[in-house]
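Structural overview for review
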Amino acid sequence: MIRKKGQTIRLDTPNTTLVIKADTAEYLYYGKKLMSAGGFEALSPTPRKIFSQYGENDYTEYGVLIENSDGGFSTCFSFSKSKILTEKPEIEGLPSSYGEGKTLELKYIDAPTKVCLYLYYTVFDDCDAIAVSSRIVNQAKKEICVRRLASLQLDLLGDYSVVTFEGAWARERQKISRDIVRGVYYNDSKKGMSSHSRNPFVIAEGKEGVYGFNLVYSGNHKEAFERDEQGRTRALVGMNDFMFGWKLAPGETFCAPEAVMCYAPSEDELSLSMHAFVAEHIVRGKWKKKERPVLVNNWEGTYFDFNEEKLLAIARAAKDAGAELFVLDDGWFGKRDDDTSSLGDWTDNADKTGGGLANLADKIRELGLEFGIWVEPEMISEDSELYRSHPNFAMKVPGREPTRLRNQLCLNLADERVQNYVVRSISDVIARSGAAYVKWDYNRSLTDCYAKGVAQGEYFHRYMLGFYRIAAKLTKKFPFVLFEGCAGGGGRFDLGTLCYFPQFWTSDNTDARARLKIQDGTSYGYPQTVMTAHVSACPNHQTGDSNPLETRFNVACGGVLGYELDMSKLSESDFATAARQIEFYKKNRKLFQFGTYYRLGDVFSSDVGGFMVVSRDKSCAAAVVSVSGKVLGGPVPRVAFKGLAPSAVYDVTTRPQDNYAAEQAFSAGGDLLMNGGIFLRDLFEDLQSKENSGCLYTRMYLFKKNKI
Ligand code: GLA
């Protein structure tokens, strides 16, 4: 709800209140919902600005920086008007959140040039996250250049620590916390992708609660935190200004991507709000609320070395085990037998697919499975027909050797002809195979940004606009296809891609112990519905460690479940275990994929962790508890559960796991289970602990509300 009293504007979400004084461009309050009305003047004047510009007596990081036609950088945007909109304005060319709610529009004008700055704040009726965006409209008579335009600025008072989710390939989104004592801290990416290194989701934690920020964008981003001499911590969230400069002719508009901010009293509550926001207002289309299929992917089972016989053997075993979708990964096209060739040639390799995709896909469907396909549409191999016929499609700087990563170059998506080629060729792959699922991979970062006729400062963003145009066209054309994003694992796991692809491959690291951390870090900002998780073979291909199949399954239940191994090679007993797991998962899939998700313990600071999903009505729940490393001689680890109805009594059982002989079954009150917790007494009596070199002990507890 948005209410206006003069230029004091109050925005309420179910649990938070934001008060803005539009004429002075200040935040008066942002935090826990206020019950009282008015009295906000007592909070003014405050040094908390809603935007900052060069040329004022404020030297903290600037949110807006414009190069005027006279070469100067000063602006003095001052208040023009405020409006409450019932429709959320489109952000042209960019993905953004959607849903019922109201939007506050604020307009500021730089009097000498007539350049306008617009800020938008959208509150949704059902969720505490607030969507914020900004744009510049050049109403001047001459061209200007936007050097920086933050999507969101929030000035905070007091001491804050900043929590980020950082990592690398196979180690995505590890939680790190640092105090912002003085100076500036940047969480950013210059890789042309949101990146494995630093996810755009960040949290500022202070005494009165936590503030979460994220950006609906998949390219270069920058979250700046500056603690200044006034004791103010300025948070700026937006596109990275690295190499950035966007020329704006008279009459033109530049829209910054949308950002999102959310206040909550604790990290757990912040995650619940972010999950609700992503699930309701970012993910869209036919798959938004639809249970996702259990898939079997051949990548770790075969890598590039497959033929029709091998694929059908895996698919047959997958079907017998109860899986629903078979995904053919990299290596089915051109003459691709390793990563040195064929990207861009989306033509069938008849030898490896038994006469072509259509043929193979039909055979898979005859077995009773849906067919899914891997593509990497934004790339080109120099050894490809596409490169030989259209070398100018590749992203390269003339006269310079390009940087090759995984032996490949990027396509120049800033060029509409290249975008159209991608739409055409990928449409054809989907149409001829009848694919029900597409894994959209992206396996390198951008290094040789250049295109004739495109200003250097605009390149990174034009690439993203190209990517979004393609993604929009293809998802519209194939609304029933389930698209899964991927980027060398989880390198483009962000709200931008999730607007098109309802799920994302969390990491190439499928080791259960490593995955637990990766999924846990991811869960701070993203719900389990968008996080895919696969059971793979042991010893694990990334770490060389082993864990029992039941442990690998328990951990994979923290996301959307799949298997990524050669199912036809499983031992009889492992196959039977996998079949039991899939049957159990399908029965409880709604709970696992769409239940309310809680983290248990803290895998980043202790050995005890896990997660829990609770049905919306709290009548049932499932928890996976984990302990990393065997504790000898005590103390017995203890875990407290979350999200249950405090006054209800639950019947608690353990999921039968073939690595434990003894089952547990008891009844206890919801409040006792959450406050007292339980001791994990027999956790280390794992019958297969010899095979547990990754040393991770997990058990799954199931809760059913007792009717009596
Ligand atoms: C990336 C993906 C993997 C797999 C390979 C194929 O690394 O993350 O899942 O698809 O590419 O080359």
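Residues numbered from 1 in each chain as written. Predicted model: local features only at pLDDT ≥ 70, side-chain atom pairs only at ≥ 80, totals over all residues. Heavy atoms only, no water.

Comments concerning the nonpolar core
Core analysis: the biggest nonpolar cluster contains 177 residues, and Tyr121, Ile136, Phe213, Met261 and Trp332 have the highest contact counts within it. Broken down by element, the residue count for this core peaks at 9 residues, all from helix α8 (residues 459–477). If you look at the next biggest cluster of nonpolar residues, it comprises 27 residues, including Tyr598, Ala623, Ala648 and Phe703. (Core = buried A, V, L, I, M, F, W, Y, C linked by side-chain atoms within 4.5 Å. Buried < 20%, exposed > 50% of the residue type's maximum accessible area, 1.4 Å probe, protein only. Helix = DSSP H or I, 4+ residues; strand = E, 2+ residues; numbered from the N terminus.)

Some points on the site of the ligand
Surrounding the ligand, one finds 13 residues, the nearest of these being Asp329, Asp330, Arg406, Lys439 and Asp508. With respect to the ligand, the side chain of Asp441 contributes an N or O atom lying 2.9 Å from an oxygen atom. Within the side chain of Asn443, a nitrogen or oxygen atom sits 3.2 Å from an oxygen atom of the ligand. A total of 310 Å² of accessible area belongs to the ligand in isolation, and the protein chains cover 96% of it. (Near = heavy atom within 4 Å. Polar contact = N/O pair within 3.5 Å; in protein donor to acceptor, adjacent residues only side chain to side chain. Areas by Shrake-Rupley, 256 points an atom, 1.4 Å probe, with all protein chains shown as cover.)

A closer look at helix α10 (residues 512–522)
By the criterion of burial, α10 is predominantly enclosed, with 8 of the 11 residues buried. Ala512, Arg515, Leu516, Ile518, Gln519, Asp520, Gly521 and Thr522 are the residues of α10 that are buried. The residue sitting at the N-terminus of α10 and contributing the capping side-chain oxygen is Asp511; that oxygen lies 2.9 Å from the backbone nitrogen of Arg513.

Here's the deal with the domain arrangement of the chain
Here the chain is partitioned into domain 1 (2–281), domain 2 (295–594) and domain 3 (599–705). Look at where the C-alpha atoms of domain 1 and domain 3 centre, and you get two points 40 Å apart. On the side of domain 3, 4 residues touch domain 1, which itself brings 6 residues to the contact. The junction of domain 1 with domain 3 conceals about 410 Å² of combined surface from both sides, 38% of it contributed by carbon and sulfur atoms. Considering only the surface of domain 1 that becomes buried against domain 3, Lys175, Asp268 and Ser271 emerge as the three largest contributors, covering 78% of it. Between Arg599 and Asp268 there is a salt bridge, with the nearest N and O atoms lying 3.5 Å from each other. At the boundary of domain 1 with domain 3, the tally comes to 3 residue pairs in polar contact (both at pLDDT 80 or more). (Domains from an automatic or database assignment. Contact = heavy atoms within 4.5 Å. Buried area = accessible area lost by both parts, 1.4 Å probe. Salt bridge = Lys/Arg side-chain N within 4 Å of Asp/Glu carboxyl O.)

Observations concerning the sheet that holds strand β30 (residues 560–564)
Two orientations exist for strands paired in a sheet by backbone hydrogen bonds: parallel and antiparallel. Around the barrel, 8 strands lie side by side as β21-β22-β23-β26-β27-β28-β29-β30; this closed barrel has parallel pairing. Taking each pair of neighbouring strands and ignoring which way they run, the sheet shows an average axis angle of 30 degrees. Across 3 bridges, strand β21 (residues 295–297) lies against strand β22 (residues 325–328) in parallel orientation. Bridge pairing in β22 links Val296 to Phe326. The sheet contacts of helix α7 (residues 416–433) involve β23 (370–375), β26 (437–440) and β27 (482–485), and relative to β23 the element is tilted by about 160 degrees. This element, α10, spans β28 (503–505) and β29 (531–536) of the sheet and lies at about 170 degrees to β29. (Pairing = 2+ DSSP bridges. Axes fitted to C-alpha atoms, helices over the stretch in contact; angles between N-to-C directions.)

Description of unusual backbone geometry
With an omega dihedral of -5 degrees, the bond running from Cys538 to Pro539 counts as a cis peptide bond. Within the secondary structure, Pro539 sits in the loop between β29 and α11 (549–556). In the segment running from Gly634 into Pro635, the intervening peptide bond is cis, with an omega of 0 degrees. Secondary-structure assignment places Pro635 in the loop between β33 (620–628) and β34 (638–639). Of note, Met243 is a non-glycine position whose phi angle comes to about 60 degrees, a positive value. Locating Met243 in the fold gives a position in the loop between β17 (232–239) and β18 (246–248). According to the relative accessible area criterion, Met243 is partly exposed, its value standing at 37%.

Some details on the side chain of Arg492
The topology assignment puts Arg492 in the loop between β27 and α9 (495–498). Given the relative accessible area of 1%, Arg492 is considered buried. When residues no more than four places from it in sequence are discounted, the contact partners of Arg492 are Met193, Ser194, Ser218, Glu378, Trp440, Tyr442, Phe467, Ala487, Thr497 and Phe504.

Describing α11
With 8 of 8 residues buried, α11 lies mostly within the body of the structure. All buried positions along α11 are accounted for by Leu549, Glu550, Thr551, Arg552, Phe553, Asn554, Val555 and Ala556.

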